[in-house]
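# Remarks on the overall topology
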Amino acid sequence: MDNILYHFERPKNEPVNTYAPNSPERELLREALNKVASEMADIPLIIGGQEVRTGETAKVVMPHKHSHTLGVYHMAGEKEVKMAIEASMKAHKEWSRLPWLERASLMLKVGELFSTKYRYELAASVMLGQSKNPMQAEIDAPCELIDFLRFSTYYASKIYTDQPLSEPTILNRVEYRPLEGFVFALTPFNFTSIALNLTMAPAMMGNVSVWKPSSTAVLSNYLLMKVYKEAGIPDGVVNFIPGKGSVIGKALVPDPNLAGFHFTGSSATFNTLWKQIASNIDTYRSYPKIVGETGGKNFVFVHPSADAQEVAVALVRGAFEYQGQKCSAASRAYIPHSLWKELRERLEAMIATIKMGDVMDFSNFMNAVIDEASFDTIKGYIDHARVSNDAEVIIGGGCDKREGYFVQPTVILTTNPHFKTMEEEIFGPVLTLFVYEDKDFEKTLSLADNTARYGLTGSIFARDRYAIQKAMDALRFSAGNFYINDKPTGAVVGQQPFGGSRASGTNDKAGGMLNLIRWTNARCIKETFVSPTDYTYPFLK
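Here the residue index of a chain counts from 1 through its sequence in written order. In keeping with the predicted nature of the model, local features appear solely for residues at pLDDT of at least 70, side-chain atom pairs appear and are counted solely at 80 or more, and the whole-chain, interface and lining totals rest on all residues. Note that the side-chain values use all heavy atoms of the structure and ignore hydrogens as well as water.

## Some details on the pairing of strand β12 (residues 298–302)
Think of it in three bands: residues with accessible area under 20% of the maximum for their type are buried, residues over 50% are exposed, and the middle band is partly exposed, with areas taken using a 1.4 Å probe on protein chains only. Where helices and strands are cited, they refer to DSSP runs of H or I of at least four residues and of E of at least two residues respectively, numbered from the N terminus. The buried fraction of β12 is high, at five of five residues. The alternating pattern of β12 places Asn-298, Val-300 and Val-302 and Phe-299 and Phe-301 on opposite faces, both of which are buried. Sheet analysis places β12 next to strand β13 (residues 330–336), joined by four bridges and oriented parallel. Bridging from a neighbouring strand, Phe-301 pairs with Tyr-334 of β13. By convention, a crossover is right-handed whenever its connection, traced from the first strand over the helix to the second and viewed with the strands pointing away, goes clockwise. What joins β12 to β13 is helix α10 (residues 308–320), and the crossover it makes is right-handed. Two strands form a pair only when DSSP identifies at least two bridges running between them. Across four bridges, β12 lies against strand β20 (residues 457–461) in parallel orientation. Directly across from Phe-299, in β20, lies its bridge partner Gly-458.

## With respect to the packing of aromatic side chains
Geometry of aromatic contacts follows a simple scheme: Phe, Tyr and Trp rings, the Trp one being its six-membered ring, pair when their centres are within 6.5 Å, and the pair is stacked under 30 degrees between planes, edge-to-face over 60, tilted otherwise. One pass over the full model with this rule turns up 22 aromatic pairs. Measuring from centroid to centroid gives 5.5 Å for Phe-301 and Tyr-436, while their planes differ by 40 degrees, and the two rings are tilted. You can see Phe-301 sitting in strand β12 and its partner Tyr-436 sitting in strand β18 (residues 430–436), a full 135 residues away along the chain. Tyr-436 matches Phe-301 in its accessibility class, with the two residues each being buried. Relative to Phe-441, the ring of Phe-301 lies with its centre 5.6 Å away and its plane at 75 degrees, an arrangement referred to as edge-to-face. Taken together, the residues span a long stretch of sequence, with Phe-301 in strand β12 and Phe-441 in helix α14 (residues 441–451) at a distance of 140 residues. A relative accessible area of 0% places Phe-301 in the buried class. Linked through ring pairs, Tyr-6, Phe-8, Trp-100, Tyr-160 and Tyr-176 together constitute an aromatic cluster.

## Topic: the UniProt feature "domain: Aldehyde dehydrogenase" (unreviewed entry) in the protein chain
Following the UniProt record, the feature "domain: Aldehyde dehydrogenase" (unreviewed entry) maps to residues 56–518 here. A helix fraction of 42% and a strand fraction of 21% characterise residues 56–518, whose end C-alpha atoms lie 36 Å from each other. UniProt positions are given in the numbering used here, feature names are shortened, and annotations may be inferred rather than shown by experiment.

## Some words on the sheet that holds strand β5 (residues 65–74)
Strand order in the open sheet formed by three strands is β1-β5-β4, with mixed pairing between adjacent strands. The two strands at the open ends of the sheet, each matched to only one other strand, are β1 (41–43) and β4 (57–62). On average, each strand axis in the sheet is inclined to that of its neighbour by 40 degrees, with strand direction left out of account. Both β1 and β5 contribute to a ladder of three bridges, which runs parallel. Bridge pairing links Ile-43 to Tyr-73 in β5. A fitted line through C-alpha atoms serves as each axis, taken over the contacting stretch for helices, and the angle formed by two N-to-C directions is quoted from 0 to 180°.

## Overview of the UniProt feature "active site" (unreviewed entry) in the protein chain
The sites that UniProt annotates as "active site" (unreviewed entry) are Glu-293. Within the secondary structure, Glu-293 sits in strand β11 (residues 289–293). According to the relative accessible area criterion, Glu-293 is buried, its value standing at 10%. Any pair of residues with heavy atoms lying within 4.5 Å of one another is described as a contacting pair. Ignoring sequence-local partners within four residues, the contact set of Glu-293 consists of Phe-263, Thr-264, Gly-265, Cys-327, Leu-456, Phe-498, Ser-504 and Gly-505.

## Focus: the nonpolar core
Of all hydrophobic cores here, the largest spans 108 residues; its most connected members are Phe-114, Leu-196 and Tyr-228. Not counting chain neighbours up to four residues away, the residues in contact with Phe-114 comprise Arg-119, Leu-122, Pro-142, Leu-145, Ile-146, Leu-196, Leu-223, Leu-224 and Val-227. In this structure, Ala-448, Ile-460, Ala-467 and Ile-468 belong to the second largest nonpolar core, which totals 32 residues. Side-chain atoms within 4.5 Å are what join buried Ala, Val, Leu, Ile, Met, Phe, Trp, Tyr and Cys residues into a set we call a nonpolar core.

## A few points about the pattern of salt bridges
Side chains that carry opposite charge are capable of pairing whenever their charged atoms lie near each other. What makes a salt bridge here is a side-chain nitrogen of Lys or Arg within 4 Å of a carboxyl oxygen of Asp or Glu, nothing more. Counted under the stated rule, the structure contains 28 salt bridges. Between Glu-230 and Lys-117 there is a salt bridge, with the nearest N and O atoms lying 2.8 Å from each other. With Glu-230 in helix α7 (residues 218–231) and Lys-117 in the loop between α3 (100–115) and α4 (119–130), this pair connects stretches of sequence that are 113 residues apart. Judged by relative accessible area, which is 34%, Glu-230 ranks as partly exposed. Its salt-bridge partner being Asp-400, residue Arg-402 comes within 2.5 Å of it at the nearest N-O pair.

## Observations concerning the state of the cysteines
Criterion for a disulfide: a pair of cysteine sulfur atoms within 2.5 Å. This model, assessed by the stated rule, comprises zero disulfides. The thiol sulfur of Cys-327 is not disulfide-bonded, and the nearest other cysteine sulfur, from Cys-143, lies at 19 Å. The class for Cys-327 is buried, based on a relative accessible area of 7%.

Written out as structure tokens, the structure reads:
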């Protein structure tokens, strides 16, 4: 069987259900929502394929109805972290040697199970546990999640077939080995698809992982583990250890077998863990590969030639879909004075129609932010703007956490381009606008480039092509994903490889070849057919 040379064709993206009224998928999703909402999940750790219950538990609640408990999850301590490391290293021996095509077939099987059998249960667990509306859940998990799996097999086939030149007297080849150790995967709450990719991208290349999921996404993440098991992913390839980050990191980071760190989350957390890894650098068997997608302060830059209606729609969708809890969410915008009056009117009219509430009500465009800590942080930024002399809250600003963690879509207008909410990541439904004089277009481009420390996403709206080119040049390093006449969110696997630089991460483009290659440890093999029998060279004669 190992003489098979297989090339995967480029996949097509998973079709996105609309959940329109009277559609079959709408009713199937409602059934799944009712089922998941009525159950009480008991979520264990999964180490070496075995369920482990520590007795130290925490609740899984609905962010939009925090009195409703969806289940409890057990938390790992130092003992369980060490068990997970041992289980991963045991699995490494066979998984790392399994032919890549066999690993690829398992990836595809996981994807197919989520596309069919578990599609609506997955969407329901994301909606209820992470407070997403049907469309936001659909484009995350299942769709992007499935795309990650299918495209990883395609890109892996391209990597493995990339081989060096040989000559008649020698044969050269490169073996793309996995890393010599385990990968620590630390995943976020906002995208279940990212949680899958941070474990499955390394696994596709023969690696094993110890996975700490976000405490506010445990429900959907546990379903991933159950489907991995059903698909046939061997025990110990992925070890699932929910718990406190401080406890897990302290026990895991110093381990000599740490070979990689795959992360999505805040820049502060990433920086802390990178420093911890650096302080243990003499401990490791090899230098760990560090891959991270971190914070953002993403911009929309508007030229006077732009269409006000198009800009308004992009700002509303870019800033307020999933309550602004996307790494790529529009968080600051630069508006020309000549368009400001019309744009403001359109924004006010549009936002006035937005409904916010329970995910079970499909007429709600927005739902709740993820938890109380996030709610309090976002409210703090809004309160700061209310009392500031150089900013005002012109739309929204209401916050109410009595039933769920609800924050209204909020627009702040500032006269200070370096105002706090123009520079700091908020991770909530708050958009700050700065109005510039039309004649200062190029000057303001430079301002936008130097305002925030991040470099994740951004966009330019203009009909003037020369203006677009100027913006692309001036903002070349301001965004790893740059959009022309579109909102700065919604990257699709295989279409817009995603990632940023500066304080936004290592820009290894999740879902693509650049990311997968980081999880390899190449060995070049040269075979000489007839070895020399004389040490001398012709020039010596």
